Number of protein chains: 2
Amino acid sequence: MARTQGSHSEITGPRIRAAALKLFAKHGYAAVSMRQIASDVGVQAGALYNYTPDKQALLFTLLKTHMHELLAAYDDLPAQGSATAQLRSFVNFHISFHLERPDAVFISYMELRNLSPENFPVIESLRRTYETRLQDILSAGKQDGSFAVEDTKITTWAVIAMLNGVITWYNTEGRLSVEEVQSTYWEMVRKTVAA
Amino acid sequence: MARTQGSHSEITGPRIRAAALKLFAKHGYAAVSMRQIASDVGVQAGALYNYTPDKQALLFTLLKTHMHELLAAYDDLPAQGSATAQLRSFVNFHISFHLERPDAVFISYMELRNLSPENFPVIESLRRTYETRLQDILSAGKQDGSFAVEDTKITTWAVIAMLNGVITWYNTEGRLSVEEVQSTYWEMVRKTVAA
DNA sequence: GTCTATACCAAGATAGAC
DNA sequence: GTCTATCTTGGTATAGAC
């Protein structure tokens, strides 16, 4: 006779994080209770504490994991030659990576203020590291004359803000493929920095 | 002998909304308690309910007021001639209006999901109305050949996302004046839609 | 109109049985 | 490892005195 309530240690952890990610993205960290997360996973609230010391650690883990995956994936891309090729690669990467993880992207921008004072700087630093990848491309292109960029810092923020806008409207069931979105945004970014 | 605890009906209401706006922007709607708002104003929590039926109405009022002010202010601008002049006017307006109300702008984008099902469509509709102002400019410029815009809807969202990015980094104490920011963004937007 | 006091409920987190 | 049960805190909202 099999036990009706058993242990599932290898899968429960990931399922908790997946449920938390989904619920935090939908309702916001502060509005989601541990009981809701537990219910979504199919366990009791107390069981969550076998996997996370508290709710804050759950949020921190999600954001840290996302940022590390983002940086690792970008740094794994094949090297590009010209600044223009690098910029195009960045745009394509940013869009496809983000469209594959809308929930993680969402909380990475929305829930920063719900990180504890110890955790916030860690995530903020990872975010700045990623931004620096783009800023370096813009600086190089400005130097060699491929781009006309008045202020590389502001342009970096402007391009990232523009690209991030995609996740607020893109619908996987909609009329546009990821490739079409990439192409549309590349055209806009290209012109924005054009010499 | 003056009373030590009196009535201040004409000023308490606005002060409650100002405190709520500030606290919602800083910590998020769900993370702010009525007690916190009351404490910030200098009254007891129960007193708030003389001014708002509940917390949700407080959020709704803040967002609705902000959106109405935004639309009224934009529609009060002097009419412009060419599509290019209209676009420049829009960019300047959007940046200066938003930089004057960073808290209201912040919650208008972050707290939409905390609106009740009855209230959400009202705000969403106002937001779309504002976006339509920009989309109409882009359509007109596309028609008369001033702009080369692949997709007016996506470009509308891209431009607004780019402009909204300003409030995440702009610092009134920083090196840049509002006029310099307007000029920098105008240059980027102009190129983005350039024929 | 604001106060104090409180009803009522849900939150995060923990203890101990199984 | 998960359960049930519970502790403690703090939330929204209301009642009635002043």
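These numbers were taken from a predicted model, which means no experiment stands behind them.

About the cut-offs
Residues numbered from 1 in each chain as written. Chains lettered and ligands numbered in written order. Predicted model: local features only at pLDDT ≥ 70, side-chain atom pairs only at ≥ 80, totals over all residues. Heavy atoms only, no water. 1 Å grid on protein atoms, 1.4 Å probe; cavity = no way out; pocket = protein on both sides within 12 Å on 5 of 7 lines; lining within 4 Å. Points joined across faces, edges and corners; volume = space filled by probe spheres on them. Nonpolar A, V, L, I, M, F, W, Y, C, P; charged D, E, K, R; others polar. Helix = DSSP H or I, 4+ residues; strand = E, 2+ residues; numbered from the N terminus. Least-squares fit on C-alpha atoms with pLDDT ≥ 70 in both. Contact = heavy atoms within 4.5 Å. Phe/Tyr/Trp six-rings, centres within 6.5 Å; stacked < 30°, edge-to-face > 60°. Lys NZ or Arg CZ within 6 Å of the ring centre and 35° of its normal. Salt bridge = Lys/Arg side-chain N within 4 Å of Asp/Glu carboxyl O. Buried < 20%, exposed > 50% of the residue type's maximum accessible area, 1.4 Å probe, protein only. Domains from an automatic or database assignment. Polar contact = N/O pair within 3.5 Å; in protein donor to acceptor, adjacent residues only side chain to side chain. Buried area = accessible area lost by both parts, 1.4 Å probe.

(A) Just empty space enclosed by the protein, in detail. Residue and element names in this part refer to chain B. Inspection of the entire model under this criterion finds 3 cavities of 30 Å³ or more. Considering only enclosed or pocket space, the largest cavity measures out at about 100 Å³ in volume. In terms of residue class, the lining of the largest cavity is built from 8 nonpolar, 6 polar and 4 charged. Taken as a whole, the second largest cavity spans an internal volume of roughly 80 Å³. In this structure, the second largest cavity is lined by His-66, Met-67, Leu-70, His-94, His-98, Val-105, Ser-108, Tyr-109, Arg-127, Tyr-130, Glu-131 and Ile-160. For the lining of the second largest cavity, the secondary structure elements donating two or more residues are helix H3 (55–75), helix H4 (83–100), helix H5 (102–110) and helix H6 (120–143). Class assignment of the residues belonging to the lining of the second largest cavity gives a composition of 6 nonpolar, 4 polar and 2 charged.

(B) Geometry of the relation of the copies chain B and chain A. Between chain B and chain A, which share one sequence, the superposing operator has a rotation angle of 180° and an axial displacement of 0.0 Å; the RMSD is 0.1 Å. Within this description, the copies of the chain are treated as partners about a two-fold rotation axis. Most of the interface of chain B is mirrored in chain A: 100% of its interface residues are interface residues there too.

(C) Summary view of the packing of aromatic side chains. All names here are of chain A. Scanning the entire structure with this criterion turns up 18 aromatic pairs over all chains. Centroid distance Phe-93 to Phe-97: 5.3 Å. Interplanar angle 35°. Geometry classified as tilted. With Phe-93 and Phe-97 both in helix H5 (residues 83–100) and 4 residues apart, the pair spans about one turn of that helix. Taken together, the aromatic side chains of Tyr-74, Phe-90, Phe-93, Phe-97 and Tyr-130 make up a single cluster linked through ring pairs. When the ring centre of Phe-97 is taken as reference, the NZ or CZ atom of Arg-101 above it lies at 3.7 Å.

(D) Spotlight on the pattern of salt bridges. Residue and element names in this part refer to chain A. Evaluated as defined, the whole model comprises 20 salt bridges over all chains. Where Glu-124 meets Arg-127, a salt bridge forms, and the shortest distance between an N and an O atom there is 3.1 Å. Residue Glu-124 and its partner Arg-127 are both found in helix H7 (residues 120–143); the two are separated by 3 residues, about one turn of the helix. The class for Glu-124 is buried, based on a relative accessible area of 14%. According to the relative accessible area criterion, Arg-127 is buried, its value standing at 18%. Glu-131 serves as the salt-bridge partner of Arg-127, at 3.1 Å between the closest nitrogen and oxygen. One end of the pair is Arg-127 and the other is Glu-131, both in helix H7 and 4 residues apart, which spans about a single turn. Through salt bridges that share partners, Glu-124, Arg-127, Arg-128 and Glu-131 make up one connected network.

(E) Fine view of the domain arrangement of chain A. All names here are of chain A. The domains assigned to chain A are domain 1 (8–52) and domain 2 (54–192). Between the C-alpha centres of domain 1 and domain 2 the distance comes to 27 Å. Opposite the 15 residues of domain 1 that make contact, domain 2 presents 14 residues. Here domain 1 is connected to domain 2 by 0 salt bridges. Linking domain 1 with domain 2 are 5 residue pairs in polar contact (both at pLDDT 80 or more), by the criterion used here. Elements with a minimum of two residues in the side of domain 1 that touches domain 2: helix H1 (9–27) and helix H2 (34–41). Top element by residues in the side of domain 1 that touches domain 2 is H1. It accounts for 7 residues. Per-class residue counts for the side of domain 1 that touches domain 2 are 11 nonpolar, 2 polar and 2 charged.

(F) Quick peek at the environment of Glu179(B). Residue position: Glu179(B) is located in helix H9 (residues 178–192). Between the alpha carbons of Glu179(B) and Ala38(B) there is a distance of 37 Å; along the sequence they are 141 residues apart.

(G) Layout of the interface of chain B and chain A. Between chain B and chain A, the contact holds 35 residues from the first and 35 residues from the second. Here chain B meets chain A over a buried area of about 2700 Å², counting both sides, of which 61% is carbon and sulfur. Remark: the boundary between chain B and chain A carries 4 salt bridges. Across the pair Arg113(A) and Glu111(B) runs a salt bridge whose closest N-O atoms are separated by 2.9 Å. Taken together, the elements giving at least two residues each to the side of chain B that touches chain A come down to helix H1 (9–27), H5, helix H7 (152–164) and H9 of chain B. Of the residues forming the side of chain B that touches chain A, the biggest block, 7 residues, is contributed by H9(B). Considered class by class, the residues forming the side of chain B that touches chain A number 19 nonpolar, 8 polar and 8 charged.

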